[in-house]
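# Survey of secondary and tertiary structure
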Amino acid sequence: MFFPSFCTGFVAPLHAPLWVINGNHEFLYADKRKPDGGAKVASPASWAKKLARYAKFWHLSSRYYTKDIAGYHLIFLSAEGPLPVEIGEKQLNWFEDDLSQHPETTLVFFHGPLKGTLLNYNKSVNTPRGCAQPEGRLQAILARNPQVRLWISGHTHTPATNYSYAADGINRYSDTLVDIHNADLDRKKIWTNSLYLYPDHIEVKTYDHHARAWMPQFDRRYDR
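Below is a summary of the structure that appears in this document. Keep in mind it's a predicted model, so treat the numbers as computed, not measured.

Okay, the nonpolar core next. Leu77, Phe95, Val108, Phe110, Leu138, Leu142 and Trp151 are the most contacted members of the largest nonpolar core, which has 24 residues in total. Those elements that provide at least two residues to this core are α2 (44-57), α3 (89-100), α4 (135-143) and β4 (148-153). Residues Leu60, Leu107, Leu150 and Val178 belong to the second largest nonpolar core, which totals 18 residues.

Below, the discussion takes up the packing of aromatic side chains. Under the counting rule described, the total for this entry stands at 9 aromatic pairs. Here the aromatic rings of Phe110 and Trp151 are separated by 6.0 Å at their centres, their planes lie at 75°, and the arrangement is edge-to-face. Of this pair, Phe110 sits in the loop between β3 (106-109) and α4 while Trp151 is found in strand β4, placing the two residues 41 residues apart along the sequence. A residue is classified by how much of its surface remains accessible, and Phe110, at 0% relative accessible area, is buried.

For the pair α3 and α4, the least separation of the axes is 10 Å and the interaxial angle reads 10°. The angle between α3 and α4 falls in the class roughly parallel. Contact with α3, carried on its side by Glu89, Leu92, Asn93, Phe95, Glu96 and Leu99, involves Arg137, Leu138, Ile141 and Leu142 of α4 and no other residues of that element. Counted by class, the contact of α3 with α4 contains 6 nonpolar, 1 polar and 3 charged residues.

Moving on, we come to the environment of Ala132. Secondary-structure assignment places Ala132 in the loop between β3 and α4. Judged by relative accessible area, Ala132 falls into the buried class, the value being 3%. Separated by 53 residues in the primary sequence, Ala132 and Ala79 place their C-alpha atoms 8.6 Å from one another.

So, about the pairing of β4. Counting buried positions along β4 gives 5 out of 6 residues, so the element sits mostly inside the fold. Bridging between β3 and β4 involves 4 bridges; their strand directions are parallel. Note that in β4 the partner of Phe109 across the bridge is Ile152. Handedness of the crossover is the feature at issue here: the chain leaves β3, passes through α4, returns alongside β4, and the resulting connection is right-handed. Relative to strand β5 (residues 178-181), β4 runs parallel, the two sharing 4 bridges. In the sheet register, Trp151 faces β5, and the bridge partner there is Asp179.

The subject of this paragraph is the pattern of salt bridges. Within this structure, the stated rule accounts for 11 salt bridges. Residues Glu80 and Arg63 are paired through a salt bridge, measuring 3.1 Å at the closest nitrogen-oxygen approach. With Glu80 in the loop between β2 (72-76) and α3 and Arg63 in the loop between α2 and β1 (65-69), this residue pair connects regions lying 17 residues apart in the sequence. It is possible to trace a salt-bridge network through shared partners that takes in Glu89, Glu96, Arg137 and Arg144.

Our next topic: the sheet that holds β4. Ordered in space as β1-β2-β3-β4-β5, the 5 strands form an open sheet in which the pairing is mixed. The open sheet has two edge strands with one neighbour each: β1 and β5. Strand-to-strand twist of the sheet, defined as the mean angle between neighbouring strand axes without regard to direction, takes the value 20°. Most of the contacts of α3 go to β2, to which it runs at about 180°, and overall it touches β1, β2, β3 and β4.

Cut-offs used in this document
Residues numbered from 1 in each chain as written. Predicted model: local features only at pLDDT ≥ 70, side-chain atom pairs only at ≥ 80, totals over all residues. Heavy atoms only, no water. Core = buried A, V, L, I, M, F, W, Y, C linked by side-chain atoms within 4.5 Å. Buried < 20%, exposed > 50% of the residue type's maximum accessible area, 1.4 Å probe, protein only. Helix = DSSP H or I, 4+ residues; strand = E, 2+ residues; numbered from the N terminus. Phe/Tyr/Trp six-rings, centres within 6.5 Å; stacked < 30°, edge-to-face > 60°. Axes fitted to C-alpha atoms, helices over the stretch in contact; angles between N-to-C directions. Parallel < 35°, antiparallel > 145°, perpendicular 65-115°, else oblique. Contact = heavy atoms within 4.5 Å. Nonpolar A, V, L, I, M, F, W, Y, C, P; charged D, E, K, R; others polar. Pairing = 2+ DSSP bridges. Right-handed = clockwise from strand over helix to strand, strands pointing away. Salt bridge = Lys/Arg side-chain N within 4 Å of Asp/Glu carboxyl O.

Encoded structure:
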């Protein structure tokens, strides 16, 4: 397993704290591909080693953790299998317990999106392999914790050119919770989201790195 140079090089110019989360590609697959070039799922023992190496590489005492900033509670979750963006029982219990102790406005960062927050624009979207799991347990936890306002995700590689990328009626998971989808960096065009946390609201803005310009059509505002 290795971490491409752009993982660190892309964020190196930023003079700010770096808080990372892992996705399925950090642990789920074997180092050698199938004869046809496809990814081969590794063994659970390999997952554990790769996840441990990931945490060591980024100097994390735990792969899932929290931060508090500007009166907001931020939760960073870790994909750990066996499905690509599945959370294990121990981490789920930790997540639920942490929420019970933090009634303030909360943002969750996890590689997998919540089910139903994208249109079914390809065969992988909104499937067990394509959205955060276990779906039922997460739905129950989030229903009991309306302080979670945003769920920030990736995994589906949804580009800004896709209607699902930033359509509130689609991205909305519940009356109080919206999924903010992020595109991947492996494209000729790269888009990134920035979140601005204000005392009474949150703003989300999208930047086009190819055009070197903000995209005001994707500006979003959510009450705290």
